[in-house]
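Analysis of the macromolecular model
Chain by chain, the residues run as shown.
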Amino acid sequence: MLEPLPTLRPPSRPDPAFARHLPARAALGWLARGWADLAADPGPSLAYGGFLAALSWAVLYALHAAGLLYLALPAVSGFLIVGPFLAIGLYEKSRRRAAGAPATLRDMLALRPGSGGQLAYAGLFLGLLVLFWLRAADLLYALFFGLTPFPGAEDALTNVLTTPRGWTLIATGTLVGGLFAAFAFAVSVFSIPMLVSTRRDALTAMGMSFAMTVQNLRPMLAWGAIVTLGLALSALTGLVGLVVVFPVLGHGTWHAWRAVARGGE
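Residues numbered from 1 in each chain as written. Predicted model: local features only at pLDDT ≥ 70, side-chain atom pairs only at ≥ 80, totals over all residues. Heavy atoms only, no water.

Turning next to the packing of aromatic side chains. For the structure on display, the rule yields three aromatic pairs. Centre to centre, the rings of Phe 125 and Phe 183 are 6.4 Å apart; their planes meet at 65°, and the pair counts as edge-to-face. On the criterion of sequence distance, the pair formed by Phe 125 in helix 6 (residues 118–145) and Phe 183 in helix 8 (residues 164–188) is long-range, its members being 58 residues apart. Note on Phe 125: relative accessible area 30%, which makes it partly exposed. (Phe/Tyr/Trp six-rings, centres within 6.5 Å; stacked < 30°, edge-to-face > 60°. Helix = DSSP H or I, 4+ residues; strand = E, 2+ residues; numbered from the N terminus. Buried < 20%, exposed > 50% of the residue type's maximum accessible area, 1.4 Å probe, protein only.)

Put into structure tokens, the structure is as follows:
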């Protein structure tokens, strides 16, 4: 009698190194922990948020003074790209609080990152990405409205907001800007907290951040949506909302880093 053929089983594959199998609702937990870090000692965090709001107003004023106010919308959306880098002081406060140590505003502004100068390289990369996005926004306007003399910021905004061609430009710009922001989010959301707290080179940290984001896509998509919603609400308040929203998101991002990179709750 012939022996039955052995059952073929697919080879078992180990989980990716950073896959934590977190549900999408984990992002709400990070948001709650971010709020707890703010509420525990609100003074330094609110001062930090106020500084970011003032910096944002200064950038918009500079665009207005230079006759480049038509770049206001791309500049505000570019905040999604550099936001993780601008929150380094908030990561320091959350790190100190987790260690049971107090954190003053001076500690947040004068932190010594574990990676040293590598943090500056990551910030430079994100800054260049924002400049590249602003140039792309310029080219998109020229693509839709032609290579005619620029009509000025007020007329440009009127063209964009009140014409069918302008609405198509907004849709296209949102898609292109979303791709820029998604890439920047993936390479920076974990790499910047990593460079603040550990000794690692910038390229390795950004590569690891991309892998962590892809391997935990559900909670990271939810966190990205929360960040986008928070910044949109801040824009609707004339950026005043950044005073509270930005610290909460910054502290929450630190807890997202702990949950994914270190397997914490």
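Orientation of helix 3 (residues 72–86) relative to helix 8, taken along the N-to-C sense of each, is 10°, at an axis distance of 8 Å. With respect to each other, helix 3 and helix 8 are oriented roughly parallel. Across the interface between the two elements, Leu 80, Ile 81 and Pro 84 of helix 3 pack against Phe 180, Ala 181, Ala 184 and Ser 188 of helix 8. Across the contact of helix 3 with helix 8, the residue classes break down as six nonpolar, one polar and no charged. (Axes fitted to C-alpha atoms, helices over the stretch in contact; angles between N-to-C directions. Parallel < 35°, antiparallel > 145°, perpendicular 65-115°, else oblique. Contact = heavy atoms within 4.5 Å. Nonpolar A, V, L, I, M, F, W, Y, C, P; charged D, E, K, R; others polar.)

The next subject is a nonpolar patch on the surface. On the surface, Phe 125, Phe 183, Phe 210 and Val 214 cluster together to form a nonpolar patch covering roughly 340 Å² of accessible area. Counting through the fold element by element, Val 214 comes out in helix 10 (residues 202–215). (Patch = residues over 30% accessible without salt bridge, like charges linked within 9 Å, V, L, I, M, F, W, Y side chains within 5 Å. Areas by Shrake-Rupley, 256 points an atom, 1.4 Å probe, with all protein chains shown as cover. Salt bridge = Lys/Arg side-chain N within 4 Å of Asp/Glu carboxyl O.)

On to the nonpolar core, then. Formed by 55 residues in total, the largest nonpolar core has its most connected members in Trp 30, Ile 81, Ile 88, Phe 190, Met 212, Trp 223 and Phe 246. In contact with Ile 81, other than residues within four places in its own chain, are Leu 126, Leu 129, Val 130, Trp 133, Phe 180, Ala 181, Ala 184 and Ser 188. Counting residues in each nonpolar core, the second largest holds five residues, with Leu 140, Tyr 141, Phe 144 and Phe 145 among its members. (Core = buried A, V, L, I, M, F, W, Y, C linked by side-chain atoms within 4.5 Å.)

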